[in-house]
Amino acid sequence: MAAEIICVGTELLLGDIVNTNAQYLALELAKLGIPHYYQTVVGDNVERLKKAIAIALERSSILIFTGGLGPTPDDLTTETIADFFQTPLREDQEILAEIEAKFTSLGREMPPSNSKQALIPVGADFLPNLTGTAPGMIWQPQANVTILTFPGVPSEMKRMWVETAIPYLESQGWGKERIYSRSLKFRGIGESALAEKVAHLFDLTNPTVAPYAGLGEVRLRIATKAPSLEAALQVIEPVATEIKEIAGLDYFGADDDTLPAVVGQLLRRQKQTLSVAESCTGGGLGEIITQIAGSSDYFWGGVISYDNRVKVALLDVNERDLNNFGAVSAIVAQQMALGVQKRLATDWGISITGIAGPGGGSETKPVGLVYIGLASPDGKVTVSEHCFGENRERLTIRQISAYTALDRLRRNLLHWVKHFQ
């Protein structure tokens, strides 16, 4: 018995609204252990919606609809479903009274068109909507077929799902075994390279392992169906441990971990501080770092040295080196990192200088050329050269530069902990 999500609305097809409802429901079905293989988006058209229902019934037994429950003429979901199953509509007085009460509480009179929302097929139960005026329904029009409908407004749909749909599905026996997963995250390695290293794990059936590409990172999702989290972890953890050992320093976190948060935890644990000197990223690195609550414990600030005069005056960059090698060079990145570390008196100093584009590149220094400097607590500084293609992995050169700099710091922090603590 599998579920299918059918989202109704021409605005979804036109791209005017992002279909977040399908993503939410897919995650919720996984939590309940309900198989889910198909999603359909269909416009506000009776015949096309009927075709979508017919196709869905050939492969799924739980049909979940969102959208098309409003009072306007293009809201066709309820009547189309009823007509498909050749079932008349009835006016539910309880629904009608609730809708009227909501308008009264707002000091308004209910428009006649809203009475349409009180119509549901004979034999169906309604799903109350405590937030809006569009109720949904739960209906079993024939054997082994369950229909659930929800409004398209995400906040209304989510509340109705949690308060009514989940208890109903659990009462039907779903949720005894749920799908649990762990998402491992990696940086500094491409999806294909990581996949080659763990290729033997893709043949597993319990748990399953699948790769996903994120913005500037790679993920491996390990999933299993189990009656409890404890039982799931017994299956997931051995595979997760093996993957971490294979990936080494390329692994940086799991599930809700973010790179800035992981770096922050390492700095806080070692009671060390950080400052940054940014040129091409224009403050982007500092912004990423300070998105983490409590980052003031370890991040003391930065210098946005866009102009060379700022590099000289505030970061002690040698003016002769700027003239000889240019602002985008290893030696300038080195001096920027040391300069900000000294100026702000922090344990670590990061510098970024490069050509973010779209213009400004040359044959010897193309757009995407970036130098990242890292000054460590022992007074040493290392510089890495990178050539990021424009909009690489859907990230801008500025973004990928900032995240790459943070990842370099993460790796060095782990090395510092291992060898100097």
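This one's a predicted model, so the numbers in the text were calculated from it and none came from an experiment. Starting from 1, residues in each chain are numbered consecutively following that chain's sequence as written. Whole-chain, interface and lining totals are the exception, using all residues; otherwise, since this is a predicted model, local features are given only for residues with pLDDT of at least 70 and side-chain atom pairs are given and counted only at 80 or more. Remark: hydrogens and water are excluded; side-chain values derive from all non-hydrogen atoms of the structure.

(A) Seen up close, the overall build of the chain. Each helix and strand in the chain was counted, giving 14 helices and 17 strands. Two things to know: the radius of gyration comes from C-alpha atoms, and the globule rule equals 2.2 Å times the number of residues to the power 0.38. Against the compact-globule benchmark of 22 Å for 421 residues, the chain has a radius of gyration of 28 Å, which places it well outside the compact range. Projected onto its principal axes, the C-alpha coordinates of the chain cover approximately 85 × 50 × 40 Å. Taking the contacts inside the chain whose residues are at least 6 apart along the sequence as the reference set, 68% of them involve residues at least 24 apart. Helix and strand labels come from DSSP, where a helix needs a run of H or I of at least four residues and a strand needs a run of E of at least two; each type is numbered from the N terminus. Any two residues whose heavy atoms approach within 4.5 Å at even a single point are treated as in contact.

(B) Broad picture of the environment of A261. Relative to the assigned elements, A261 resides in helix 9 (residues 259–270). In this structure the C-alpha to C-alpha distance between A261 and A293, which are 32 residues apart in sequence, comes to 8.9 Å.

(C) Highlighting helix 4 (residues 77–84). Under the scheme applied here, a residue whose accessible area is under 20% of the maximum for its type counts as buried, over 50% as exposed, and between as partly exposed, the area being computed with a 1.4 Å probe on protein chains only. The set of residues buried in helix 4 consists of T77, T78, T80, I81 and A82. Phi turns positive, to about 50°, at Q86, one or two residues after helix 4.

(D) Summary view of the nonpolar core. Grouped together as the largest cluster of nonpolar side chains are 30 residues, with contacts concentrated most on L274, L285, I350 and L409. Looking at this core, the elements that each hand over two or more residues are helix 9, strand 13 (274–278), helix 10 (284–290), strand 15 (348–354), strand 16 (369–375) and helix 14 (397–420). Contacts of L274, omitting those with residues within four sequence positions, involve L267, I289, Y298, F299, W300, G301, T346, W348, I350 and L409. In this text, buried Ala, Val, Leu, Ile, Met, Phe, Trp, Tyr and Cys residues form a nonpolar core when linked through side-chain atoms within 4.5 Å. Counting residues in hydrophobic clusters, the runner-up holds 24 residues, among them I5, M157, A165 and Y168.

(E) Quick peek at the domain arrangement of the chain. Domains are outlined according to an automatic or database domain assignment. What the domain assignment lists for the chain is domain 1 (3–172), domain 2 (178–254) and domain 3 (259–419). The centre of domain 1, based on its C-alpha atoms, is set 35 Å off from the matching centre of domain 2.

(F) Spatial organisation of the packing of helix 3 (residues 46–57) against helix 4. Contact geometry for helix 3 and helix 4: axes closest at 10 Å, N-to-C directions at 55°. For the element pair helix 3 / helix 4, the angle class is oblique. Both helix 3 and helix 4 take part in a crossing whose hand is right-handed. Contacts between helix 3 and helix 4 involve V46, L49, K50, I53, A54 and L57 from the first element and T77, T80, I81, D83 and F84 from the second. Taken together, the residues of the contact of helix 3 with helix 4 break down into seven nonpolar, two polar and two charged. An axis is simply a line fitted to the C-alpha atoms; with a helix, the fit covers only the stretch in contact. Between two such axes, the angle follows the N-to-C directions and lies from 0 to 180 degrees. Here is the rule for angles: anything less than 35 degrees is roughly parallel, anything more than 145 is roughly antiparallel, 65 through 115 is roughly perpendicular, and the remaining ranges are oblique. Left-handed describes a crossing in which the near helix is turned anticlockwise from the far one by less than a right angle; the clockwise case is right-handed. Throughout this entry, Asp, Glu, Lys and Arg are counted as charged residues, while Ala, Val, Leu, Ile, Met, Phe, Trp, Tyr, Cys and Pro are counted as nonpolar. The remaining residues, Gly among them, count as polar.

(G) Looking closely at the packing of aromatic side chains. Note on aromatic contacts: the rings of Phe and Tyr and the six-membered ring of Trp form a pair at centre separations within 6.5 Å, being stacked when their planes are under 30 degrees apart, edge-to-face when over 60 apart, and tilted otherwise. Enumeration over the complete set of coordinates arrives at four aromatic pairs. Taken together, the ring pairs connect F84, F85 and W139 into an aromatic cluster. Distance and angle both matter: a charge sits over a ring if NZ of Lys or CZ of Arg is within 6 Å of the ring centre and within 35 degrees of the ring normal. Over the ring of Y38 we find R59, and its NZ or CZ is 3.8 Å from the ring centre.

(H) Representation of the pairing of strand 13 within the structure. Of all five residues making up strand 13, five are buried, and the element is well covered by its neighbours. Covered by surrounding structure in strand 13 are L274, V276 and E278 together with S275 and A277, the residues of both alternating faces. Pairing of strand 13 with strand 14 (residues 299–304) involves five bridges; the strand directions are parallel. Along strand 14, the bridge assignment pairs L274 with F299. Call a crossover right-handed when, viewed with both strands pointing away from you, the route from the first strand across the helix to the second goes clockwise. Crossover strand 13 to strand 14 through helix 10 is right-handed. DSSP calls a pair of strands paired once it identifies at least 2 bridges connecting them. Of the pairings in the sheet, the one linking strand 13 to strand 15 comprises five bridges and is parallel in character.

(I) Summary view of the UniProt feature "domain: MoaB/Mog" (unreviewed entry) in the chain. The UniProt entry lists residues 4–172 under the feature "domain: MoaB/Mog" (unreviewed entry), expressed in the numbering used here. Counting secondary structure, residues 4–172 comes out at 40% helix and 23% strand; the distance between its end C-alpha atoms is 17 Å. UniProt positions are given in the numbering used here, feature names are shortened, and annotations may be inferred rather than shown by experiment.

(J) How the structure looks around the side chain of S61. Along the chain, the position of S61 falls in the loop between helix 3 and strand 3 (62–66). On the accessibility criterion, S61 (10% relative accessible area) is buried. Excluding anything up to four places from it in sequence, S61 contacts M1, A2, N144, V145 and T146.

(K) Local environment of the confidence of the model for the chain. Across the chain, the average pLDDT comes to 90, with 97% of residues at or above 70. Confidence per residue, as judged by the predictor, is encoded in pLDDT with a range of 0 to 100. Confidence, read as mean pLDDT per element, is least for helix 5 (residues 93–105) in the chain (76) and greatest for strand 13 (97).

(L) Looking closely at the pattern of salt bridges. Salt bridges are defined as contacts in which a side-chain nitrogen from Lys or Arg sits within 4 Å of a carboxyl oxygen from Asp or Glu. Overall, the coordinates contain 14 salt bridges when judged by the stated rule. Residue R182 pairs with E237 through a salt bridge whose shortest N-O separation is 2.3 Å. In this pair, R182 sits in strand 9 (residues 178–186) while E237 sits in helix 8 (residues 229–247), placing the two residues 55 residues apart along the sequence. A relative accessible area of 25% places E237 in the partly exposed class. Between D407 and R410 there is a salt bridge; the shortest N-O distance is 2.8 Å. Taken together, the positions of D407 and R410, both in helix 14 and three residues apart, correspond to about one turn of that helix. Each member of the pair, D407 as well as R410, is classed as buried. Within this structure, D250, D407, R410 and R411 form a network of salt bridges that share partners.

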